[in-house]
Amino acid sequence: MKQYILEMEQYAKEKNVPIIEKDSIAYIMKYIKANNVKNILEIGSAIGYSAILMASASKEVKVTTIERDELRYMECLKNVKKCGFDKEVNVVFQDALEVNLKGVAYDLIFIDAAKGQYKKFFEKFKYFLSPTGVIITDNLKFHGYVGKKDTIDSKNLRGIVDKIESYVEFLKNNDEFTTEFIDIGDGLSVSRRKNEN
Ligand code: SAH
Ligand code: MG
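Bear in mind the structure is a predicted one, so any value in this text is a computation, not a measurement.

Visitor: How do you make sense of the site of ligand 1 when you look at a structure like this?
Guide: Taken together, 22 residues sit near ligand 1, with I20, G44, E67, A96 and D112 positioned nearest. In the model, a nitrogen atom of ligand 1 is placed 3.2 Å from a nitrogen or oxygen of the A114 main chain. Computed on the free molecule, ligand 1 has an accessible area of 580 Å², of which 95% lies beneath the protein chains in the complex. Elements supplying a minimum of two residues to the shell around ligand 1: α3 (49–55) and β2 (62–67).

Visitor: Where do I start with the packing of aromatic side chains in this structure?
Guide: This structure, assessed with the given rule, holds seven aromatic pairs. For the pair F125 and F128, a centre-to-centre distance of 6.5 Å together with 50° between the ring planes defines the contact as tilted. A relative accessible area of 16% means that F128 is categorised as buried. Taken together through their ring pairs, the aromatic side chains of Y118, F122, Y167, F170 and F177 make up a single cluster. Between the NZ or CZ atom of K172 and the centre of the ring of F181, over which it lies, the distance is 5.9 Å.

Visitor: Please explain the coordination of the magnesium ion (ligand 2) as it appears in this structure.
Guide: Geometry sets the ideal angles at a metal, namely 109.5 degrees for four tetrahedral donors and 90 or 180 degrees for six octahedral donors. Every protein donor of the magnesium ion (ligand 2) is accounted for by D112 (OD), D138 (OD) and N139 (OD1), and the metal-donor separations fall at 2.1 to 2.2 Å. Counting along the primary sequence, the residues that act as donors to the magnesium ion (ligand 2) give the motif D-x25-D-N. Of the two residues, D112 is situated in the loop between β4 (106–111) and α5 (118–125) and N139 in the loop between β5 (129–137) and α6 (155–172); the sequence distance between them amounts to 27 residues. Since its relative accessible area comes to 12%, D112 is described here as buried.

Visitor: I would appreciate a short explanation of helix α4 (residues 70–82) in the present structure.
Guide: Counting along an α-helix, one turn takes 3.6 residues, and residues three or four places apart therefore face a common direction. With 13 residues, α4 ought to run about 18 Å at 1.5 Å a step, and its terminal C-alpha atoms sit 18 Å apart, in line with that. Three or more residues of α4 are buried, namely Y73, E75, C76, N79 and V80. Axial view of α4: buried residues confined to an arc of 165°, hence all on one face. In α4, the exposed residues that point more than 90 degrees away from the buried face are L71 and K81. In this structure, the buried side of α4 is in contact with α1 (2–15), α3, β2 and β3 (89–93). Where α4 terminates, the next one or two residues include G84, which has phi positive at roughly 80°.

Visitor: Explain the pairing of β3 to me, please; I cannot follow it from the model alone.
Guide: Each regular strand shows side chains that alternate between the opposite faces of the sheet. Pairing geometry for β2 and β3, over five bridges, is parallel. From the neighbouring strand, V63 faces β3, where its bridge partner is V89.

Visitor: Looking at this structure, I do not really get the packing of α5 against α6. What am I missing?
Guide: For any two helices packed against each other, one specifies the inter-axial angle together with the distance between the axes. Running from amino to carboxyl end, α5 crosses α6 at an angle of 35°, the nearest separation of the two axes being 9 Å. Contacts between α5 and α6 involve Y118, K119, F122 and E123 from the first element and Y167, F170 and L171 from the second. Looking at the contact of α5 with α6, its residues break down into five nonpolar, no polar and two charged.

Criteria and thresholds
Residues numbered from 1 in each chain as written. Chains lettered and ligands numbered in written order. Predicted model: local features only at pLDDT ≥ 70, side-chain atom pairs only at ≥ 80, totals over all residues. Heavy atoms only, no water. Near = heavy atom within 4 Å. Polar contact = N/O pair within 3.5 Å; in protein donor to acceptor, adjacent residues only side chain to side chain. Areas by Shrake-Rupley, 256 points an atom, 1.4 Å probe, with all protein chains shown as cover. Helix = DSSP H or I, 4+ residues; strand = E, 2+ residues; numbered from the N terminus. Phe/Tyr/Trp six-rings, centres within 6.5 Å; stacked < 30°, edge-to-face > 60°. Buried < 20%, exposed > 50% of the residue type's maximum accessible area, 1.4 Å probe, protein only. Lys NZ or Arg CZ within 6 Å of the ring centre and 35° of its normal. Donors = N, O, S within 2.8 Å, 3.2 Å for Na, K, Ca; no water. Expected span 1.5 Å × (residues − 1). Arc of directions from axis to C-beta. Contact = heavy atoms within 4.5 Å. Pairing = 2+ DSSP bridges. Axes fitted to C-alpha atoms, helices over the stretch in contact; angles between N-to-C directions. Nonpolar A, V, L, I, M, F, W, Y, C, P; charged D, E, K, R; others polar.

Structure follows, in C-alpha cells:
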C-alpha cells in the first residue's frame, strides 16, 4: 500500500493533479481516529489519494467519494482496487451538485472539489451531516493566492480567489455552524453545528 501511495503522489505531480497536502491529510486521519468517524463523504475524488488514506485511518471507516471527471474517476477506481479498499471506498462518477443522496448521515464531509462552488456544496450536503459531524474544506489559501489578489494577473484566477474569500466570510458569519480555520497545508476549515440549547 505504501508503495501505491508513493506512486499516486508521483502521478499527481507529473499530471498536475491537485491532491491534498501531507500535513492536511495527516490532520484529517488523526481526526478520524480520535472521533471514531465511520461514514465519510468526499466531494472531489481526483485519483483517490485522500479517499484511500481516509479509509485507511481506521477499520470501520466507509468512504463515498464523488468525481465528475471520467479519467480521474477511472484512475480512482483503479487505485482503490490496487490498495484493497473496494469494500470501504465507493466511488461515484457524477457531478456532486447532481447527486441524490438518500437517508445517510455522514460523520465527516470533506469538500475538495471546484473551489468556486464551495458554498453550494456546503449548502447541499449539510443536510447529510450527522448531528456531531463536521464539514472539512480544503484549499482555503488556494496555493497562497488568497489575500494576495493584487498580485494575480489572471482574471479567472482572481474570480476563484474571490469565491474562496466569500466562502470564508460565509463560514465566519454562519448562524448554524461554527468554523475553526486551521493553518496547515493549503488551509483547512472544520465546521460543526452550533449547539441548540
Ligand atoms: N480529494 C483529492 C483531490 C481532489 S481535486 C485528493 O486530495 O486526493 C478536485 C477534484 O474535484 C477534481 O478531480 C475535479 O474533477 C473534481 N470536481 C470538481 N468539481 C466537481 C463537482 N461539481 N462534482 C464532482 N467532482 C468535482
Ligand atoms: Mg485539495
